[in-house]
Amino acid sequence: MAKPNTVLVSNRRARRNYHILDTMEAGMVLLGTEVKSIRDGRASLSEAWCKIEHQEIFLVDAHISHYSHGNLNNHDPLRPRKLLLHRKEISRLQKAVEQKGNTLIPLKLYVSHGKIKVEIGIARGKKLFDKRADITERDTKRQLERSMKQY
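How each quantity is defined
Residues numbered from 1 in each chain as written. Predicted model: local features only at pLDDT ≥ 70, side-chain atom pairs only at ≥ 80, totals over all residues. Heavy atoms only, no water. Helix = DSSP H or I, 4+ residues; strand = E, 2+ residues; numbered from the N terminus. Contact = heavy atoms within 4.5 Å. 1 Å grid on protein atoms, 1.4 Å probe; cavity = no way out; pocket = protein on both sides within 12 Å on 5 of 7 lines; lining within 4 Å. Points joined across faces, edges and corners; volume = space filled by probe spheres on them. Expected span 1.5 Å × (residues − 1). Buried < 20%, exposed > 50% of the residue type's maximum accessible area, 1.4 Å probe, protein only. Arc of directions from axis to C-beta. Polar contact = N/O pair within 3.5 Å; in protein donor to acceptor, adjacent residues only side chain to side chain. Pairing = 2+ DSSP bridges. Axes fitted to C-alpha atoms, helices over the stretch in contact; angles between N-to-C directions.

Q: Explain the environment of Met-24 here, please?
A: Along the chain, the position of Met-24 falls in strand β2 (residues 18–28). Along the sequence, Met-24 and Glu-89 sit 65 residues apart, while their C-alpha atoms lie 8.8 Å from each other. Among residues more than four places away in sequence, those in contact with Met-24 are Leu-85, Glu-89, Arg-92, Leu-93, Val-118, Glu-119 and Ile-120.

Shown next as structure tokens:
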């Protein structure tokens, strides 16, 4: 059994391709076989994104594999899943997305008090030079740590 706040699936591409401006926790409407697959770590958020329709927010293109011990009533792996947020939170996210260049992406799936939660982030896409700057910053930080370790 997973411990509280145990990260089950993370979107590793998100921080490489986007500047994360703000994050928020949301619940998800899931089927039983989806919960079991996520707890087995058989989910992917790499292509996933969130959309807002009629004051509801949905997780789209998140791949949750079929449960291995499921039957004919297994779930569709790419179906849109409703996220559970308060109305004020949804309107705040909608205002942020309406700004040019912002989007909603899922960052990770985790267990919190027995429930599976998704952390979504308001993100702005990085340009190529931003990615290069991040790489050089990471390399200089690594070299600094090595030199500090030697002395």
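Q: Looking at this model, I keep getting lost on the layout of surface pockets. Mind explaining?
A: Space left empty within the atom packing is revealed by a probe, the size of a water molecule, rolled over the atoms. Empty space within the largest pocket amounts to approximately 240 Å³. Looking at the largest pocket, the residues that line it are Asn-11, Arg-12, Arg-15, Arg-16, Lys-126, Lys-131, Asp-134, Ile-135 and Arg-138. Among the elements that make up the lining of the largest pocket, the one with the highest residue count is helix α4 (residues 128–150) (four residues).

Q: Would you take a moment to explain helix α3 (residues 87–98) for this structure?
A: Side chains that are three or four residues apart share a direction in an α-helix, a result of its 3.6 residues per turn. Between its first and last C-alpha, α3 extends 16 Å over 12 residues, near the 16 Å set by a 1.5 Å rise per residue. Along α3, the residues that are buried comprise Ile-90, Leu-93 and Ala-96. The buried residues of α3 occupy an angular sector of 125° when projected down its axis, which confines them to one face. For α3, exposure combined with an orientation more than 90 degrees from the buried face picks out Arg-87, Lys-88, Lys-95 and Glu-98. Buried residues along α3 sit against β2, β4 (49–53), β5 (56–60), β8 (102–112) and β9 (115–125).

Q: Hey, could you run me through the side chain of Lys-126 in this one?
A: Inspection of the secondary structure puts Lys-126 in the loop between β9 and α4. A distance of 3.2 Å separates a polar atom in the side chain of Lys-126 from the backbone oxygen of Arg-15. In contact with Lys-126, other than residues within four places in its own chain, are Arg-15, Arg-16, Asn-17, Tyr-18, His-19, Lys-131 and Asp-134.

Q: What is the right way to read the sheet that holds strand β1 (residues 6–10) from this model?
A: Hydrogen bonding along the main chain pairs the strands of a sheet, whether they run parallel or antiparallel. As summarised here, the arrangement of the seven strands in space is β1-β8-β9-β2-β7-β5-β4, forming an open sheet in which the pairing is antiparallel. Looking at the sheet topology across the chains shown, the edges are occupied by β1 and β4. Direction aside, the axes of adjacent strands within the sheet are offset by 45° on average. Pairing of β2 with strand β7 (residues 81–84) involves two bridges; the strand directions are antiparallel. Its bridge partner being in β7, Gly-27 is matched across the sheet by Leu-84. In the packing of helix α2 (residues 32–39) onto the sheet, contacts are made with β1, β7, β8 and β9, and the angle to β9 comes to roughly 75°.

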